[in-house]
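This is what each chain is made of:
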Amino acid sequence: MSKEKHHRDWILRRCCGSICACFLTLAAVVGFIILVVYLALHPSKPSFYLQDVQLRSIDLTDPAITIDLQATIASRNPNERVGVYYKSLDAFATYRDEPVTVPVVLPAIYQGHKDASVWSPVMSGDAVPVSSYAADAMRQDIAAGYVLLHVRVEGRVKWKVGSWVSGGYHLFVNCPALLAASGGGAVGGAFAASAAAGVVPAGVNVTTVSLKFTHPADCTVDV
């Protein structure tokens, strides 16, 4: 009896081992196929462009900043066989790496092969706290006739190949927006201001300042 029991246990272990080996082999084959398809398609990250920025108003009450602006952001999917799902996107503006507007949720969309999309979010911040250094620097910049802001987009994207959809990937977009007064020079494009800011002494608010640039600016994209 002991020999028969030992033989049955040995057969059972062999069967379990074979089943596990089959599952592992199948999982490895499926993973390898997905990897080969991914590498063959080689999805490229989307391109982003800042097409327009309008600075509607700004209040430089130290040490907080109240600002209202609208940006037009364009995105293009360069892939011929891979679609892009944009999920939970937030847009906001920063000055010297400090947020000056609250995040605005952009509509989630699907971008097909070689397709382009445009968002035009209105971003604002009511008495957003910033360092006194940033507030003083912005006053000096406006007095000099230019302000360098950054429009940022953060969120998650997914790749779509046929009916297969990948997991989520973090998306980080950074768009420099150099705004200048009329006649002011600017790196990366010619800008025109509908109202010049003028000299802004400390403690004086600036309102109804509207600036607009005429050439799109390239954005850096990290996925």
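The shown structure was predicted, so the numbers you read here are calculated from the model rather than taken from an experiment.

When helices and strands are tallied, the chain shows two helices and 15 strands. By the burial criterion, 36% of the 223 residues in the chain qualify as buried. When contacts within the chain are restricted to residue pairs at least 6 apart in sequence, long-range pairs at least 24 apart make up 72% of them. Roughly 12300 Å² of accessible area belongs to the chain as shown, and the carbon and sulfur atoms make up 62% of that amount.

For the coordinates displayed, the defined rule picks out four salt bridges. Put simply, D141 and R96 hold a salt bridge, and the shortest N to O gap is 3.8 Å. Of this pair, D141 sits in helix α2 (residues 132-144) while R96 sits in the loop between β3 (83-95) and β4 (98-99), and the two are 45 residues apart along the sequence. On the basis of relative accessible area, R96 is assigned to the partly exposed category, the value being 39%. We note a salt bridge from R139 to D136, for which the minimum N-O separation is 2.5 Å. One end of the pair, R139, and the other, D136, are both in helix α2, three residues apart, so they sit about a helical turn from each other. Look at R139 and you get buried, because its relative accessible area is 5%.

This brings us to the packing of aromatic side chains. As enumerated under the stated definition, the model contains four aromatic pairs in all. Pairing Y85 with Y110 gives two aromatic rings, centres 4.6 Å apart and planes at 50°, and the pair type is tilted. With a gap of 25 residues between them, Y85 in strand β3 and Y110 in strand β6 (residues 109-111) connect regions that are remote in the sequence. Owing to a relative accessible area of 24%, Y85 belongs among the partly exposed residues under this scheme. With a centroid separation of 5.6 Å and 80° between ring planes, the pair formed by Y86 and W119 is classed as edge-to-face. Of this pair, Y86 sits in strand β3 while W119 sits in strand β7 (residues 116-119), and the two are 33 residues apart along the sequence. The class of W119 is buried, set by a relative accessible area of 5%. What links up through ring pairs into an aromatic cluster is the set F48, Y86 and W119.

Overall, the coordinates contain one disulfide when judged by the stated rule. The residue that forms a disulfide with C175 is C219, at a sulfur-sulfur distance of 2.1 Å. Linking C175 and C219, the disulfide has an S-S dihedral of approximately 110° and is accordingly described as right-handed. Separated by 44 residues along the polypeptide, C175 in strand β11 (residues 169-180) and C219 in the loop between β14 (217-218) and β15 (220-222) bring together distant segments of the chain. The class of C175 is buried, set by a relative accessible area of 0%.

It is worth spelling out the confidence of the model for the chain at this point. Scored by pLDDT, the chain has a mean of 79; 74% of the residues are at 70 or more. Confidence over residues 184-208 falls short of pLDDT 50; this stretch has 50 contacts with residues more than four positions distant or in other chains.

Mapped onto the elements, I109 comes out in strand β6. Judged by relative accessible area, I109 falls into the partly exposed class, the value being 24%. Residues I109 and Y85, 24 residues apart in the sequence, show an inter-C-alpha distance of 6.1 Å.

Next up on the list: the pairing of β3. When β3 meets strand β9 (residues 146-161), the two strands line up antiparallel, connected through 10 bridges. By the bridge assignment for β9, F92 is matched with R152. Here three bridges tie β3 to β6, and the two strands are oriented antiparallel to one another. Residue V84 lies in a different strand from β6, and its bridge partner there is Q111. Of the pairings in the sheet, the one linking β3 to strand β5 (residues 104-106) comprises three bridges and is antiparallel in character. Opposite L89, over in β5, you have L106 as the bridge partner.

Conventions used here
All chains use their own residue numbering, which begins from 1 and follows the written sequence. Residues qualify for local features only when their pLDDT is at least 70, as the model is predicted, and side-chain atom pairs are given and counted only at 80 or more; totals for whole chains, interfaces and linings, by contrast, use all residues. Each side-chain value is derived from all of the structure's non-hydrogen atoms; neither hydrogens nor water enter the calculation. For the purposes of this entry, the term helix denotes a DSSP run of H or I that reaches at least four residues, the term strand denotes a run of E that reaches at least two, and both are numbered from the N terminus. Per-residue accessibility, obtained with a 1.4 Å probe over protein chains only, is compared with the maximum for each type, and a residue is labelled buried under 20%, exposed over 50%, and partly exposed between these values. A contact between two residues is defined here by any heavy atoms of the two lying within 4.5 Å. Reported accessibility uses the Shrake-Rupley method at a 1.4 Å probe radius. Residues are deemed covered only where the shown protein chains occlude them. Criterion for a salt bridge: a side-chain nitrogen of Lys or Arg within 4 Å of a carboxyl oxygen of Asp or Glu. Here is the rule: rings of Phe, Tyr and Trp (six-membered ring for Trp) pair when centre to centre is within 6.5 Å. Planes less than 30 degrees apart are stacked, more than 60 are edge-to-face, and the remainder are tilted. What counts as a disulfide here is a pair of cysteine sulfur atoms lying within 2.5 Å. As a per-residue quantity, pLDDT reports the predictor's confidence and falls between 0 and 100. We call two strands paired when DSSP finds no fewer than two bridges between them.

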